[in-house]
Amino acid sequence: MRQALLALALIAATPALAQSAGKPGAADVSRVQAGTYQVDPNHTQVFWSVDHMGFSTLQGGFGSPTGTLTLDPKNPTAAKLSLTFPMSAITTTSALFKEHLSSANWFDVAKYPEATFVSTRVAVSGTTARVTGDLTVKGVTKPVTLDVRFFGAGANPMSKAPTVGFSATGTLKRSDFGLGMAVPVVDDQVKLTINAAFEKK
């Protein structure tokens, strides 16, 4: 009898559980509100990967950015993006490797504590775009182009703020930014994968 009552309770709760499990964001451009958004530092990540001597792929990431995105769904090519990443927020799976990357031989975090990206051109095609901007790393500024895909928009149920998200990929040459140690034994080309969320304030 007890098992039967439990089963009935689960059946009755199923619609409510299904509703609560729904995702508040969706890839629907009509949900995007015009205005200026702050980057969500807790849910924005840049991952990089590089061929290490032909033996393996090394990966790491950057997080905790600050910055803004200004956009208008009626005029998407006018979007403006500005982000700053603290270089101390380098993440790897090895404490020794992180220390190595933070040293003067690589990112020289003590001397260059931040990296920045400022968009200069946005070319939109449907829900994708090519975003070109000035990337500054280790005091060197070079243009970088990212292939961006609109991921979703909606109200964040935690903060109640209108939120938009994007994913992006790109490549760069690390030697362009004074990070050419061990080229070509360690590949010069670095692949980027970016997941970014922005909340309207």
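Structure report, in brief. Source: prediction; values computed, not measured. (Residues numbered from 1 in each chain as written. Predicted model: local features only at pLDDT ≥ 70, side-chain atom pairs only at ≥ 80, totals over all residues. Heavy atoms only, no water.)

Regarding the pairing of strand β7 (residues 128–137)
Step number 1: Counting buried positions over the ten residues of β7 gives seven, a clear majority of the element.
Step number 2: Sheet topology places strand β6 (residues 114–125) next to β7; nine bridges connect them, and they run antiparallel. The partner of F117 across the bridge, within β7, is L135.
Step number 3: The hairpin turn running from β6 into β7, its antiparallel successor, is two residues long, and G126 in that turn takes a positive phi close to 65 degrees.
Step number 4: One ladder, built from ten bridges, connects β7 with strand β8 (residues 140–155); its direction is antiparallel. Looking at β8, one finds that L135 is bridged to K142.
Step number 5: Hairpin connection, β7 to β8: the antiparallel pair is bridged by two residues, and K138 has positive phi, about 55 degrees. (Buried < 20%, exposed > 50% of the residue type's maximum accessible area, 1.4 Å probe, protein only. Helix = DSSP H or I, 4+ residues; strand = E, 2+ residues; numbered from the N terminus. Pairing = 2+ DSSP bridges.)

Let's talk about the environment of L83
Step number 1: Along the polypeptide, L83 turns up in strand β5 (residues 80–86).
Step number 2: On the basis of relative accessible area, L83 is assigned to the buried category, the value being 8%.
Step number 3: Other than its neighbours up to four places away in sequence, L83 contacts V39, T66, G67, A115, T116, F117 and F198. (Contact = heavy atoms within 4.5 Å.)

What to know about the side chain of S167
Step number 1: Looking at the secondary structure, you find S167 in strand β9 (residues 162–173).
Step number 2: The residues touching S167, leaving out its near neighbours within four places in the chain, are D147, V148, R149, F151, I194 and N195.

Structural notes on the pattern of salt bridges
Think of it this way: side chains of opposite charge can pair up when their charged atoms draw near.
Step number 1: In the structure shown here, the tally under the stated rule is two salt bridges.
Step number 2: The salt bridge partner of R130 is D147, with a shortest N-O separation of 2.6 Å. With R130 in strand β7 and D147 in strand β8, this residue pair connects regions lying 17 residues apart in the sequence.
Step number 3: In this structure, the salt-bridge partner of K201 is E199, at a minimum N-O distance of 3.2 Å.
Step number 4: Under the relative-accessibility criterion, K201 is labelled exposed at 69%.
Step number 5: Overall, E199 belongs to the buried group, its relative accessible area being 9%. (Salt bridge = Lys/Arg side-chain N within 4 Å of Asp/Glu carboxyl O.)

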